[in-house]
Amino acid sequence: MASLHRFSMVARAHAGLGQWLLAERDQLPVWIVVAFGAGIAAWFALPGSEWPMAVIALSLAGALALLARFRSWSAMELGARCLFVGLLMLAAGCATMAWRAERVAADPLAAPWFGTLTGRIEARETLPARDRVRLIVRPAPALGLPERVRVNLDLELDRPALQPGAIVSARARLMPPAQAALPGGYSFAQRAWFDRLGATGSLLDSPRVLRPGGAGGLLDSLRARISAHIQAQVPGGTGGIAATLATGDRGAIREEDAEAMRASGLAHLLSISGLHVTALIGAVWLLTLRLLALFPPLARAWRLPLVAAGAGALAGIGYTLLTGAEVPTIRSCAAALLVLLALALGRDPVSPRLIAAGAFAVLLVWPESLMGPSFQLSFAAVTAIVALHDHPAMRAWAATDLGWAGRAARFLAMTFLTGLLIEFTLMPIALHHFGKAGLYGALANMIAIPLTTFVIMPLEALALLLDLVGIGAPFWWLCGVAIEALIDVAHGVADTPGAVALFPRSGAPVFALFVIGGLWLFLWRTRGRWLGLVPVAIASLLAALQPAPDLLVTGDGQHVAVSAPDGALVLLRRRTGDFALQSLSESAAFQGRPIAIEDWPGARCNADFCSLVLRAGERSHRVLIGRSRERVPERALAAACRRADIVIAGRWLPASCRPRWFRADRALLDRTGGLAIYLADRKVRTVAQGYAGHPWWDRAMALRQAAREKARAERLSTRPR
């Protein structure tokens, strides 16, 4: 009887699952893209090449087992079909990512390099707000350098002849692409691997032009001329933002304005993506439709929605090419073109399937973009908007016939609800990638999005058009006033106390819970969607309980930060660079002005070492931190190490230095990268834990080790016998 009861329960659960999938059948195609993305994520999450291959093999084996069980596709039930396709797409995503990583393979620079760099300029980017020009150079093969390097040149050393195609020569200092400085931090080496950049650095003098380049591409030249024209009409930082909205050129934006936009949740306005492309395409579609409707013979002869969609598509593609065809812009343009197609065919344009189709197109070409904040932020925002406005209650509210006051109130309410939902949706992504999130972004976007969409961009387009006949100046003035208002909103929100919340980075598993819960909540339509709140709640609790690290050590061992018991952030070096200071502050979830270790009363320092005691719970930990590379008597150092629980130094320590718990010196940091040390549970997180087994880490480590062994062999061979 018990076995019959269990069989009955399984049968009922199986039947219930089938009914639920049948009710959600319109949403099932979206999960094909989710399974493909899960395969890509699996490649990044699993170290080495063996584990991804195991995922591919097991997925294909599972799909074949299902096919053998049911004999044919037509014989499969709906649940079996979903599992079969999901396993195939999981394997396809993992295989696509593995193929992409291998196809772009380019060895990075093994060690710092100084010399005369001769090569051909492939691309250039002017960054006037930073007083520099950024060049992508293909070095001469005889130099033995990577195939492509990125170098910065001071703006005062720039020359008009430094254009793509030119062969130049100049003294340069090059470094390998930087790995993440701290666990959970930004890894430029990962981005450089997929951009095929083998080194970064700077040119130390004005380059000699050995052979001039061409005039550059038509679009590049047009983009540069439009950007320069806009900045001439709207000077200062206001003109930098105006140029960004028109051409995507962000080089003239002042750093303080960019930081204010980030802190206020308005940074998306500075990235040419969904808002800008949609506004342009929508305006062209509407204007074309209304203008053609004024001519009855044309309206009778042509399908005006189809013609308007074609005009909008051409405008969107042209705008995408003009702004540099970056991945976010291409992604937004593809999604907008799908919406236009739906409108032209009379289909519902507000559909998760259209968003999924756009995401799938991007992932097929740039699968690595899945792990970047740009892809995650844009598609998460669009998916949340579609899920909100696709809800029956929202559709009914939008269809209600109201007076002008009611329509205005409804527009403001919908804008606020949309901004609030986007703020909560994007917060886990911002916390995962940046360790901070804005709290007042919904209110800021409620003002900034309509201001940008309906005032700034139309004024800018009209001013550019009227400049053809020389009467655009009044509209440039109005555009400048509107952008100043946008900047004031950004600074006002960013300067409000509590505008930005910092949290310790909680790692990939917690972020995965947020993603799973969010997808479940937004992509289903029946009541079962609310089960997605469970993983979101668990992830929120884990993120809130995540402690800040007690000690942070950068990968070179030169920068150490201590989270003091009184809440201060104590730095090993008084002169810490802006990038290192920002990385340490974000990883420690610290806001404020840090103090130098010699000024902290809890530390005793001399020229070579600092000693301090940190408490974690009921236990005290004695920490010894090296400050210099000067030679120290080994016997005295060994005695100091025996009295310490933790020893940290940016140099090699002798084997006689044996602390009671943990030692981090140059030898260890070369293998692990930066460290985050948690004293309460005696845990150490390393950069290598997140990246070891992936090509941008493994190749860099192997080449660096080979370079050291070669240098050691050369020293031994030249040593007198």
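Overview of the structure.

So, how was this worked out
For every chain, the first residue of the written sequence is number 1, and numbering continues from 1 onward in sequence order. Local features are withheld for residues below a pLDDT of 70 in this predicted model, meaning they are given only at 70 or higher, and side-chain atom pairs are given and counted only at 80 or more; totals for whole chains, interfaces and linings count all residues. Side-chain measures were taken over the full set of non-hydrogen atoms in the model, leaving aside hydrogen atoms and water. Here, a strand pair is defined by DSSP locating no fewer than two bridges between the strands. Strands are runs of DSSP state E lasting at least 2 residues, helices are runs of H or I lasting at least 4, and numbering of each runs from the N terminus. The angle between two axes is taken between their N-to-C directions and runs from 0 to 180 degrees, where each axis is a line fitted to C-alpha atoms and a helix contributes only its stretch in contact. Pairs were defined over the aromatic rings of Phe, Tyr and Trp, the Trp ring being its six-membered one, requiring ring centres within 6.5 Å. Orientation was assigned from the angle between planes: stacked under 30 degrees, edge-to-face over 60, tilted for the rest. Exposure categories follow from relative accessible area, calculated using a 1.4 Å probe and restricted to protein chains: below 20% of the type maximum is buried, above 50% is exposed, and the middle band is partly exposed. Definition used in this section: a nonpolar core is a set of buried Ala, Val, Leu, Ile, Met, Phe, Trp, Tyr and Cys residues joined via side-chain atoms within 4.5 Å. Here, residues are in contact when the closest pair of their heavy atoms is within 4.5 Å. In this scheme, roughly parallel covers angles under 35 degrees and roughly antiparallel covers those over 145, while 65 to 115 is roughly perpendicular and the rest are oblique. Two helices crossing with the near one rotated counterclockwise from the far one by less than a right angle form a left-handed crossing, whereas a clockwise rotation gives a right-handed crossing. Asp, Glu, Lys and Arg are counted as charged, while Ala, Val, Leu, Ile, Met, Phe, Trp, Tyr, Cys and Pro are counted as nonpolar; the rest, among them Gly, fall into the polar class.

Section: the sheet that holds strand S16 (residues 646-648)
The 5 strands lie next to each other as S13-S14-S15-S16-S17, forming an open sheet whose pairing is mixed. Looking at the sheet topology across the chains shown, the edges are occupied by strand S13 (603-605) and strand S17 (662-664). The mean inter-strand angle of the sheet, taken between neighbouring strand axes irrespective of direction, is 15°. Looking at chain direction, S13 and strand S14 (residues 609-616) are connected through 3 bridges and run antiparallel. Across the sheet, the residue bridging to Arg604 is Ser611, located in S14.

Some points on the packing of aromatic side chains
Under the defined criterion, the tally for this structure stands at 15 aromatic pairs. For the ring pair Phe36 and Phe360, a centre distance of 5.2 Å and an interplane angle of 80° mean the geometry is edge-to-face. Of this pair, Phe36 sits in helix H2 (residues 28-45) while Phe360 sits in helix H13 (residues 352-365), and the two are 324 residues apart along the sequence. Ring plane angle 45° and centroid distance 6.4 Å describe the contact between Phe44 and Phe194, whose orientation is recorded as tilted. Taken together, the residues Phe44 in helix H2 and Phe194 in helix H5 (residues 188-194) connect sequence positions 150 residues apart. Each member of the pair, Phe44 as well as Phe194, is classed as buried. Each member of the aromatic cluster is reached from another via a ring pair, and the members are Trp43, Phe44, Phe194, Tyr691 and Trp696.

Observations concerning the nonpolar core
Core analysis: the biggest nonpolar cluster contains 37 residues, and Trp43, Phe194 and Trp696 have the highest contact counts within it. Considering each element in turn, this core owes the most residues, 7 residues, to H2. In this view, Trp43 contacts Pro52, Cys94, Met97, Ala98, Ala101, His694, Pro695 and Trp696; residues no more than four positions away in its chain are not counted. Counting 30 residues, the second largest nonpolar core, distinct from the first, contains Leu322, Ile456, Ala482 and Ala490.

Comments concerning the packing of H2 against helix H4 (residues 78-103)
Direction vectors running N to C along H2 and H4 enclose 40°, while the axes themselves pass 7 Å from each other. Considering the angle they form, H2 stands oblique to H4. Regarding H2 and H4, the two cross each other, and that crossing is right-handed. When its residues are assigned to classes, the contact of H2 with H4 shows 18 nonpolar, 4 polar and no charged.

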